[in-house]
Amino acid sequence: MSDFISYPKFSCALGAQQTVVAIPKSVPILHSGPGCSGKISQLLGQGQGYAGGNTIPCTNADANDVIFGGVKALDELIKNSFRIIDAELYVVMTGCTSDIIGDDVPSVVKPYQAQDKPIVYVETGGFKSNNYVSHSVVVNAIIDQYVDKYKDNKGVEKGLVNVFASVPDQDPYWEGNLEEIKRVLEGIGLKVNILFGINSAGVSEWKRIPNAEFNIVASAWAGIDIAKHLEKKYGTPYIHFPYFPVGAIQTSDFLRRVAQYAHLDNEVVESFIKKEEDRFYVFLERMADFILEFKYNLPRRFYSTIDANYSIGLSKFFVNELGILPGAVYIVDDTPEEYRQRVCDELEHVSGYRSIQPEFEIDGEKIFHEISDREKREPYIVVGSAWESILTKEDNAGFLEISVPTQYKLNLNRTYVGYNGGLRIIEDVYSDALSKYR
């Protein structure tokens, strides 16, 4: 190996086990070595949901399986999973061990599929990709092997959309973010398959995927492969909004773009946007006295080490709505080359007066030292993971934990996108600043 990285902010391909866990009443069945799943859960998850965490069935492949093969152990595990775990969908996922030795997983799973069991298989050997990529691989496998069997002849349902945005648990705030996206899209008149989390109807909702009028990708790049696959498979078009919309300006822009694409009633759309913006800016106006009182001690620059989805939306929000200027922006999700220029273009035009040149870097230790070595002459805030929190202690600077691993916030349905997400960020940024006076 020619190089290595420290403190990565994503997992291997097997991390897509969290994608399955996020589908209500679904369970991953792992054909992998012992410990792989546990390490992923420690990095990505705080709450594990139904059949997640230590509940996930695994063959715990060992040296004997490497020499003689592990298909018998996998078959036995599948049988016992059906017997013990009451799930609506089972997804067999492979780890490095089984993929390297070449276990024939399809030969084990296909007989169960022939019996009409709700089971899918997908190769997710950790060396194949990261979990952003394998998220799309797993979703597409579920569509091809399970959803497609239930495709009806009712055709397109007017106003129905599938949304692909947060990667579950890789985005620590995925549950609340998807809830907010669903809320605002329904507010302008759409019917939304959000697919993951408590706001999804689970497997029954997945069966409606082929009936969508169009798909929405609200992400820099993760999820585009799903939308392209659905376009090829079912002829479903899609609209791509290339980042998480944060705050009033971006969310209103997002809704108007979607509404224009879908030819929605403009009066309904603008009425909803006005109501949300009025509410948002009432709260923002209440901050005026606070900002004037504490302006010399509030953060004036930000340093971020987060993925492309948050980097664009959060940078625009900080600059345009809070007046916090960029110090340095590191993008840590190993953004594929074909999407990097779009990310750069969005940040180059972050406002009419400011431009950001991001650095694509996945080595967390390198980022840590670069931010630490920068000369910082004014109050600042670091936006990143628990690993960056130590950077802020020496200068008594601000800290916003928005990337995995998260250790200093309990996340239930907190959102950092949409109108409500913008308000929550304001609360968290300035509450952190006030906490320095304790």
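Our subject is the structure that appears above.
All values derive from a computational prediction rather than experimental measurement.

Asker: For this particular structure, what's the right way to read a nonpolar patch on the surface?
Answerer: A cluster of nonpolar side chains, I100, I101 and F127, forms an exposed patch at the surface whose accessible area comes to about 300 Å². As for its placement among the helices and strands, F127 is situated in the loop between β3 (119-122) and α7 (131-145).

Asker: For this particular structure, what's the right way to read the pattern of salt bridges?
Answerer: Two side chains of opposite charge can pair, provided their charged atoms sit close to one another. By the definition in use, this model includes 26 salt bridges. With its nearest N and O atoms 3.3 Å apart, the salt bridge here joins K128 to D99. One end of the pair, K128, is in the loop between β3 and α7; the other, D99, is in helix α5 (residues 96-101), and 29 residues separate them in sequence. By relative accessible area, D99 is classed as buried at 17%. As a salt-bridge pair, D116 and K149 come within 3.5 Å of each other at their nearest N and O atoms. A residue pair is termed long-range when its members are at least 10 positions apart, and D116 in the loop between α6 (105-114) and β3 and K149 in the loop between α7 and β4 (157-164) qualify at 33 residues. A network of salt bridges, in which partner residues are shared, links D99, E123 and K128.

Asker: Explanation requested: the pairing of strand β9 (residues 325-331) in the structure shown.
Answerer: Regular strands place their side chains on alternate faces of the sheet. Most of β9 sits inside the fold, with 5 of its 7 residues counted as buried. One crossover worth recording links strand β8 (residues 301-306) to the parallel β9 by way of helix α14 (residues 308-322), and it is right-handed. In this sheet, strand β10 (residues 359-360) lies alongside β9 in parallel orientation, the contact comprising 2 bridges. Looking across to β10, one finds that Y330 is bridged to E359. Crossover connection from β9 via helix α15 (residues 337-348) to parallel β10: handedness right-handed.

Asker: Looking at this structure, how should I read the sheet that holds strand β5 (residues 191-193)?
Answerer: Two modes of strand pairing occur in sheets, parallel and antiparallel, and in both the strands are linked by backbone hydrogen bonds. The sheet built from 4 strands is open, its strands ordered β5-β4-β6-β7 with parallel pairing. In this open sheet, the two edge strands, each paired with only one partner strand, are β5 and β7 (238-241). Pairwise comparison of adjacent strand axes, ignoring direction, gives a mean angle of 25 degrees for this sheet.

Asker: Please explain the packing of aromatic side chains as it appears in this structure.
Answerer: In this description, an aromatic ring pair is defined by two values, namely the gap between the centres and the angle between the planes. Across all of its chains, the model carries 15 aromatic pairs by this definition. Here Y7 and W387 contribute two aromatic rings whose centre-to-centre distance is 5.1 Å and whose plane-to-plane angle is 45 degrees, an arrangement assigned as tilted. Of the two residues, Y7 sits in the segment before α1 (17-21) while W387 sits in the loop between β11 (380-384) and α17 (391-395), which places them 380 residues apart along the sequence. Take Y7: its relative accessible area is 42%, and that puts it in the partly exposed class. Both rings, one in F290 and one in Y430, keep their centres 5.7 Å apart while their planes meet at 70 degrees; by these two values the pair is edge-to-face. Linking F290 in helix α13 (residues 288-294) with Y430 in helix α18 (residues 418-435), this pair joins segments that are 140 residues apart in sequence. Take F290 and Y430: they sit in the same class, and that class is buried.

Asker: Got a minute to help me understand unusual backbone geometry in this structure?
Answerer: Across the chain, the bulk of peptide bonds are trans and the bulk of non-glycine residues have phi less than zero. Backbone torsion omega between V404 and P405 reads -5 degrees, so that peptide bond is classified as cis. Within the fold, P405 resides in the loop between β12 (398-401) and α18. Backbone geometry places D116, a non-glycine residue, at a positive phi of 70 degrees. If you check the backbone angles, L195 has positive phi at about 75 degrees while not being a glycine. When you line up the elements, L195 lands in the loop between β5 and α9 (203-206).

Asker: Any chance you could explain the environment of V108 here in plain terms?
Answerer: Topologically, V108 is positioned in helix α6. A residue is classified by how much of its surface remains accessible, and V108, at 8% relative accessible area, is buried. Put simply, V108 and G384 are 276 residues apart on the chain and 42 Å apart in space, counted from C-alpha to C-alpha. The contacts of V108, once residues within four sequence positions are left out, are V71, L74, D75 and I78.

Asker: What is the right way to read the side chain of Q170 from this model?
Answerer: Note on placement: Q170 falls in the loop between β4 and α8 (174-187). Only 2.7 Å separates the side chain of Q170 from the backbone oxygen of K9, close enough to count as a polar contact. Residues contacting Q170, with those up to four places away along its chain left out, are K9, F10, S11, L44, N131, Y132 and V404.

Asker: Whenever I open this one, the environment of E276 confuses me. Can you help?
Answerer: Mapped onto the secondary structure, E276 falls in helix α12 (residues 266-285). Residues E276 and A248, spaced 28 residues apart in sequence, show a C-alpha to C-alpha distance of 7.9 Å. Only 3.0 Å separates the side chain of E276 from the side chain of R183, close enough to count as a polar contact.

Asker: What should I look at first to understand the sheet that holds β3 in this one?
Answerer: The 3 strands lie next to each other as β1-β2-β3, forming an open sheet whose pairing is parallel. A single partner strand is all that each edge strand has here, and the edge strands are β1 (26-31) and β3. In this sheet, adjacent strand axes meet at a mean angle of 20 degrees when their direction is disregarded. Pairing of strand β2 (residues 89-94) with β3 involves 4 bridges; the strand directions are parallel. Within the sheet, the bridge partner assigned to Y90 lies in β3 and is I119. Where helix α4 (residues 71-84) meets the sheet, its contacts fall on β1, β2 and β3, and the angle it forms with β1 comes to roughly 160 degrees.

Conventions and cut-offs
Residues numbered from 1 in each chain as written. Predicted model: local features only at pLDDT ≥ 70, side-chain atom pairs only at ≥ 80, totals over all residues. Heavy atoms only, no water. Patch = residues over 30% accessible without salt bridge, like charges linked within 9 Å, V, L, I, M, F, W, Y side chains within 5 Å. Areas by Shrake-Rupley, 256 points an atom, 1.4 Å probe, with all protein chains shown as cover. Salt bridge = Lys/Arg side-chain N within 4 Å of Asp/Glu carboxyl O. Helix = DSSP H or I, 4+ residues; strand = E, 2+ residues; numbered from the N terminus. Buried < 20%, exposed > 50% of the residue type's maximum accessible area, 1.4 Å probe, protein only. Right-handed = clockwise from strand over helix to strand, strands pointing away. Pairing = 2+ DSSP bridges. Axes fitted to C-alpha atoms, helices over the stretch in contact; angles between N-to-C directions. Phe/Tyr/Trp six-rings, centres within 6.5 Å; stacked < 30°, edge-to-face > 60°. Contact = heavy atoms within 4.5 Å. Polar contact = N/O pair within 3.5 Å; in protein donor to acceptor, adjacent residues only side chain to side chain.

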